[in-house]
Amino acid sequence: MFKKILIANRGEIALRVIRTCREMGIKTVAVYSTADKDSLHVRFADEAVCIGKPPGADSYLNVPNIMAAAEITNADAIHPGYGFLAENSKFSQICADCGIKFIGPTPGMINSMGDKVTAKETMIKAGVPVVPGGQGLLESIEQAKSIAKEIGYPVILKATAGGGGKGMRLVWEESQMEHAYSTAKIEAAGSFKNDGIYLEKFVEEPRHIEIQIAGDQYGNISHLSERDCSIQRRHQKLVEESPSPFMTPDLRQRMGDAAKKAAQAINYESVGTIEFLVDKHRNFYFMEMNTRIQVEHCVTEEVTNFDLIKEQILIAAGRHISGKDYEPKMHAIECRINAEDPYNDFRPSPGKITTLHTPGGHGVRVDSHVYTGYVIPPYYDSMIGKLIAVAQTRDEAISTMYRALSEYVIEGVKTTIPFHLQLMQNEDFRSGNFTTKFLEGFKLK
Ligand code: MV4
């Protein structure tokens, strides 16, 4: 087992990893930017090394400084958390070259899912359903028009180096194709230094349902059921839950099998997530694979009783996993509490937390790195923490969440708590009647 893990991240996920390391008897090294010198991850780790100035590029993305911190502290593994370097294959390779275990997949696995056209081709070969569309990259506007005519409008253009919603173009009819094609290509070149784009049928009003998987170094894969992440705004998830209110035993079986096939196709090692679009007829299509631990992993932890960070560390250290599949035993809902003003287009609201009261009690979990007097820096994401409610039924989990949100007091910055309080009272949300379009029609009172 590893003796010392360096956590190449900040905020709640750095704290989350430190907690599990403590329980496993593994020493921890925090790295931090000068903006984070008073952060809890710095205080709770056994050692801490400053790695640079506040902007991410100077600190949490500064590979030479992070590797130097690992060398001087004698860390034998690095946990990347999510965001920053978590899906950076070059970083994973540099760790390997330095003899430090990257707690996550190999560079080859990251690359095979990072390029979306390659990932889609791999999924087709593996027998995983994908959205109908052209094979490979688009070569011309004429080709795009001819594929679109064949499969029928509306279609969507996506960047092969994209993901998470960046650089997509919706095309409703042929007359829009030329403009959409050109702008998609320019945007892809600008954002990703790769202008490759591809086309697929636009799935209208889909749900976003993802399957958590874990694979070991010996080819065993388990799935740990689904999370419904349909409640999103501008591709930012706000609420996640498990089980999905749209799930059936048959759909879970089929999606679970497909997710395991997807992971098997690339011999996946570590924890990961297969994202699917699910249409109203319960057809599902592979969308992307996330080769990292995700923000919303806690929802799965609460319904399956696994510590996913512990699993991730054990897998990296070479442990075998069962290959069995796990069903939700409870219902869990997570609300992301962000320093954003929901009454003002969710504008970021960094600053000092002057008053804090964190909810507790039966069925409540809070994963957060903040405290009274903590200053939320403007340089990073605006998440203050995650509030997770767990109960035997969805109705009870919503009641617990509403109660916990009502107890939560955060003063000094605007937060998403008022939004979540109203969402928990919304009839369509309560009846499980929502798709990824839900928040477009949701008006705050
Ligand atoms: C789609 C789609 C409809 N049809 N692809 C958004 C994020 C990126 N991973 C892919 N996305 C979508 N791809 C086809 N063929 C709709 C979306 C989409 C979406 C997906 C999941 C959650 C929220 C979303 C919001 C808008 C669009």
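Procedures and definitions
- Residues numbered from 1 in each chain as written.
- Predicted model: local features only at pLDDT ≥ 70, side-chain atom pairs only at ≥ 80, totals over all residues.
- Heavy atoms only, no water.
- Buried < 20%, exposed > 50% of the residue type's maximum accessible area, 1.4 Å probe, protein only.
- Helix = DSSP H or I, 4+ residues; strand = E, 2+ residues; numbered from the N terminus.
- Contact = heavy atoms within 4.5 Å.
- Pairing = 2+ DSSP bridges.
- Axes fitted to C-alpha atoms, helices over the stretch in contact; angles between N-to-C directions.
- Near = heavy atom within 4 Å.
- Polar contact = N/O pair within 3.5 Å; in protein donor to acceptor, adjacent residues only side chain to side chain.
- Areas by Shrake-Rupley, 256 points an atom, 1.4 Å probe, with all protein chains shown as cover.
- Nonpolar A, V, L, I, M, F, W, Y, C, P; charged D, E, K, R; others polar.
- Domains from an automatic or database assignment.
- Core = buried A, V, L, I, M, F, W, Y, C linked by side-chain atoms within 4.5 Å.
- Buried area = accessible area lost by both parts, 1.4 Å probe.
- Salt bridge = Lys/Arg side-chain N within 4 Å of Asp/Glu carboxyl O.

## A look at helix α6 (residues 116-126)
Here's step 1: Turning to α6, its buried residues are Lys116, Val117, Ala119, Lys120, Thr122 and Met123.
Here's step 2: Against the buried residues of α6 lie α5 (107-114), β6 (155-159), β8 (197-201), α9 (249-265) and β13 (284-290).
Here's step 3: Just downstream of α6, Gly127 is the residue with a positive phi angle, here 80°.

## Description of the sheet that holds strand β4 (residues 77-79)
Here's step 1: Taken in spatial order, the five strands make up an open sheet running β3-β2-β1-β4-β5, and their pairing is parallel. Strands at the two margins of the open sheet, each flanked by one partner only, are β3 (47-52) and β5 (101-102).
Here's step 2: Bridge count for strand β1 (residues 4-7) against β4 is three bridges, and the pairing is parallel. In the sheet register, Ile5 faces β4, and the bridge partner there is Ala77.
Here's step 3: On top of the sheet, helix α3 (residues 63-73) reaches β1, β2 (27-33), β3 and β4; it is set at about 155° to β3, its chief contact.

## Structural notes on the site of the ligand
Here's step 1: The environment of the ligand is formed by 17 residues, the closest being Lys158, Glu200, Lys201, Val203 and Glu288.
Here's step 2: A distance of 2.8 Å separates a nitrogen atom of the ligand from a polar backbone atom of Val203.
Here's step 3: When the free accessible area of the ligand is taken as 520 Å², the share hidden by the protein chains comes to 89%.
Here's step 4: Partitioning the shell around the ligand into residue classes produces seven nonpolar, six polar and four charged.
Here's step 5: Shared between two domains, the shell around the ligand takes at least three residues from each, and those domains are domain 2 (132-201) and domain 3 (207-441).

## Considerations on the nonpolar core
Here's step 1: Ile337, Ile384, Ile410, Leu423 and Phe429 are the most contacted members of the largest nonpolar core, which totals 36 residues.
Here's step 2: Contributions of two or more residues to this core are made by β11 (236-242), β14 (331-338), β21 (383-391), α12 (394-407) and α13 (417-425).
Here's step 3: When neighbours within four sequence positions are excluded, Ile337 is seen to be in contact with Ser382, Met383, Ile384, Gly385, Leu387, Leu405, Tyr408, Ile410, Thr415, Thr416, Ile417 and His420.

## Re the domain arrangement of the protein chain
Here's step 1: The domain boundaries assigned to the protein chain delineate domain 1 (4-103), domain 2 (132-201) and domain 3 (207-441).
Here's step 2: The contact between domain 1 and domain 3 buries some 2,400 Å² in all, and 60% of this surface belongs to carbon and sulfur atoms.
Here's step 3: Linking domain 1 to domain 3 there are five salt bridges.
Here's step 4: A salt bridge links Glu87 to Arg292, with the shortest nitrogen-to-oxygen separation between them at 2.4 Å.
Here's step 5: For the pair domain 1 and domain 3, the number of links is 14 residue pairs in polar contact (both at pLDDT 80 or more).
Here's step 6: Residue assignment for the side of domain 1 that touches domain 3 shows that the elements contributing at least two residues are α1 (11-24) and α2 (40-44).
Here's step 7: The element that contributes the greatest number of residues to the side of domain 1 that touches domain 3 is α1, accounting for ten residues.

## Section: unusual backbone geometry
Here's step 1: Cis geometry is found at the peptide bond from Tyr153 to Pro154, where omega equals 0°.
Here's step 2: Within the fold, Pro154 resides in the loop between α7 (141-151) and β6.
Here's step 3: Along the chain, Ser242 connects to Pro243 via a cis peptide bond; the corresponding omega equals -5°.
Here's step 4: Positive phi, normally seen in glycine, also occurs at Glu205, with a value near 45°.
Here's step 5: Here Glu205 lies in the loop between β8 and β9 (207-215).
Here's step 6: Looking at Glu205, the relative accessible area reads 46%, which means it is partly exposed.

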